[in-house]
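Below are the chains, spelled out letter by letter.
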Amino acid sequence: MAKERLRVVESLAGVAAADWNAIAAGDPAGAGDPFTSHEFLSALIDTGCASTRSGWQPQLLLLEKNNKLAGAMPLFLKSHSYGEYVFDWAWADAYQRHGLQYYPKLLCAVPFTPVTGPRLLAAGDSDRALLAAAAREMAQDVSSLHVLFPPAPEAALLQGQGMMLRRTVQFHWENAPGEGYADFDDFLGRMTRHRRKVIRQERRRVREAGVQFRWLRGAQITRENWEFFERCYRRTYAAHRSSPYLNLEFFLRIGATLPENCLMILAERAGEPVAATLNIVNEEKIFGRYWGAEEHIPLLHFESCYYQAIEYAIAHRLQFFEGGAQGEHKLFRGLLPVETHSAHWLAHPAFAEAIEDYLQRETKGIARYVDELNEHSPFRAQALLQSAATGEK
């Protein structure tokens, strides 16, 4: 019998990157996922972005067998609900109105990253169940446990462990069946005449403003590019009167440790940069993450964040583009609704019962919402039928 041990650490400094990445890759849902890699999570923690000071106290749960890493959960003790993208502010408010403390709570997630991926990092379901049970035990000392954006099999496992499932909606683009779209015009050709016309007009207006684009990946991204992008990123948050979650040190860190996963789309006018987006890529997906601009140019956001990313995905034969959390405007630009999951456990029995009832009603509303969105698809009916026949989302 293997000798098992569960322990909690506050950083990955003492965990070998090869060991951590091996258990992440051992889960089919984790193969090629940059966000649960040792490099990405370490960058968040070591640069102070996910730290006790920022309200994200690392409580990384490790499962060891015979002194070898066999499983892990990226857990954080949260003192607020910022940076999660599954909103439970109303739950926290209800606790406060009843004289109860909602914070701290225990959260399993990749900080500031609303991307579906493995959360129970292990090779088999028995070890995943062991991790989930241990996290539940840890949550006995706080108000609740929340697991954000697990893949469907993990969500089902967590539900079997007594957690309540919640559904939210994102907008994802998928490449054409078979060999994929030949080019952007081929992609537009699947759309209705009206949507093709609008998108072409939007792209033309950006070109007429004198804006050109460069795709920079890996070592092509210089420190000067990173510094420009980070300034743009901060400006975006300032425009919304909020504070950025990430810092320049973090961006430089992932640029050095995950170079081939970093794609920067640089918008330039007269040879000078005016805006930039940062995307994370792997062998089959491009994930839209952050954007910012030094000046307002009409429709530049749509071109930089969506059309350029889709064009890149087509050119490099990537199968999916995930445009981030929320945003119905993405639907009209070729990203279709996809349901995502989260799992929740609350220690207080009465609140758990009330929230379970709420989630049942919310789930029905989400299903109706997705149906309504699909009724307004930008694609021609024939293209949608071809997609359905091949299993395309």
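Values in this document were obtained by computation on a predicted structure and should not be read as measured data. (Residues numbered from 1 in each chain as written. Predicted model: local features only at pLDDT ≥ 70, side-chain atom pairs only at ≥ 80, totals over all residues. Heavy atoms only, no water.)

## A word on the pairing of strand 14 (residues 320-325)
Next up, step 1: For strand 14, the tally of buried residues reaches five of six residues, placing the bulk of the element in the interior.
Next up, step 2: Pairing of strand 9 (residues 164-174) with strand 14 involves four bridges; the strand directions are antiparallel. The residue bridging His-172 from the neighbouring strand is Glu-322, located in strand 14.
Next up, step 3: Relative to strand 14, strand 13 (residues 285-293) is paired through three bridges, and the arrangement is parallel. When the bridges of strand 14 are listed, Phe-287 appears paired with Glu-322.
Next up, step 4: The handedness of the strand 13 to strand 14 crossover, carried by helix 10 (residues 300-315), is right-handed. (Buried < 20%, exposed > 50% of the residue type's maximum accessible area, 1.4 Å probe, protein only. Helix = DSSP H or I, 4+ residues; strand = E, 2+ residues; numbered from the N terminus. Pairing = 2+ DSSP bridges. Right-handed = clockwise from strand over helix to strand, strands pointing away.)

## Here we look at helix 8 (residues 223-239)
Next up, step 1: Taking 1.5 Å of rise per residue, 17 residues should cover 24 Å, and helix 8 covers 24 Å from first to last C-alpha, within 8% of that figure.
Next up, step 2: Buried residues of helix 8: Asn-225, Trp-226, Phe-228, Phe-229, Glu-230, Cys-232, Tyr-233, Thr-236 and Tyr-237, and no others.
Next up, step 3: Contacts from the buried residues of helix 8 go to strand 10 (211-217), helix 9 (248-257), strand 11 (262-269), strand 12 (272-281) and strand 13.
Next up, step 4: Note on helix 8: the residue one or two positions beyond its end, Arg-241, has a positive phi of about 55°. (Expected span 1.5 Å × (residues − 1). Contact = heavy atoms within 4.5 Å.)

## Overview of the sheet that holds strand 10
Next up, step 1: Within the open sheet, the eleven strands sit side by side as 2-5-6-8-15-9-14-13-12-11-10. Their pairing is mixed. The sheet is open, and its two borders are formed by strand 2 (56-58) and strand 10, each paired with just one other strand. Between one strand axis and the next, the sheet turns by 30° as a mean value, whatever way the strands run.
Next up, step 2: Here strand 2 pairs with strand 5 (residues 75-78) via three bridges, running antiparallel. Bridge assignment links Gln-57 to a residue of strand 5, and that residue is Leu-77.
Next up, step 3: Across the face of the sheet, helix 4 (residues 125-139) comes into contact with strand 5, strand 6 (105-108), strand 8 (144-148) and strand 15 (336-346) while running at roughly 140° to strand 8.
Next up, step 4: Taken strand by strand, helix 8 contacts strand 10, strand 11, strand 12 and strand 13, and its axis lies near 75° from that of strand 13. (Axes fitted to C-alpha atoms, helices over the stretch in contact; angles between N-to-C directions.)

## Things to note about the packing of aromatic side chains
Next up, step 1: This model, assessed by the stated rule, comprises 28 aromatic pairs.
Next up, step 2: A ring pair is formed by Phe-112 and Tyr-245, whose centres lie 4.7 Å apart and whose planes are at 15°; its orientation type is stacked. Placement of Phe-112 in the loop between strand 6 and strand 7 (121-122) and of Tyr-245 in the loop between helix 8 and helix 9 is noted, with a sequence separation of 133 residues between them.
Next up, step 3: Take Phe-112: its relative accessible area is 2%, and that puts it in the buried class.
Next up, step 4: Take Tyr-245: its relative accessible area is 24%, and that puts it in the partly exposed class.
Next up, step 5: Plain terms: the ring middles of Trp-226 and Phe-251 are 6.3 Å apart, the flat faces sit at 15° to each other, and that makes the pair stacked. Of this pair, Trp-226 sits in helix 8 while Phe-251 is found in helix 9, placing the two residues 25 residues apart along the sequence.
Next up, step 6: What makes Phe-251 buried here is its relative accessible area of 0%. (Phe/Tyr/Trp six-rings, centres within 6.5 Å; stacked < 30°, edge-to-face > 60°.)

## Focus on the sheet that holds strand 4 (residues 68-73)
The pairing of strands in a sheet comes from backbone hydrogen bonds and takes either a parallel or an antiparallel form.
Next up, step 1: The strand order across the open sheet formed by four strands is 1-3-4-7, and the pairing between neighbours is antiparallel. For this open sheet the edge positions go to strand 1 (4-9) and strand 7, each flanked by a neighbour on one side alone.
Next up, step 2: Note: strand 1 against strand 3 (residues 60-65), six bridges, orientation antiparallel. Among the inter-strand pairings, Glu-4 is bridged to a residue of strand 3, identified as Lys-65.
Next up, step 3: Along the sheet, helix 4 contacts strand 1, strand 3, strand 4 and strand 7; its crossing angle with strand 3, the most-contacted strand, is approximately 135°.

## With respect to the packing of helix 3 (residues 89-97) against helix 11 (residues 349-375)
Next up, step 1: Put simply, helix 3 and helix 11 touch, their axes get as near as 12 Å, and they point 150° apart. For the pair helix 3 and helix 11, the sense of crossing is right-handed. For the pair formed by helix 3 and helix 11, the contact residues are Trp-91, Ala-94 and Tyr-95 on the first element and Phe-351, Ile-355, Tyr-358 and Leu-359 on the second.
Next up, step 2: Of the residues that constitute the contact of helix 3 with helix 11, the class distribution is seven nonpolar, no polar and no charged. (Left-handed = near helix turned anticlockwise from the far one by under 90°. Nonpolar A, V, L, I, M, F, W, Y, C, P; charged D, E, K, R; others polar.)

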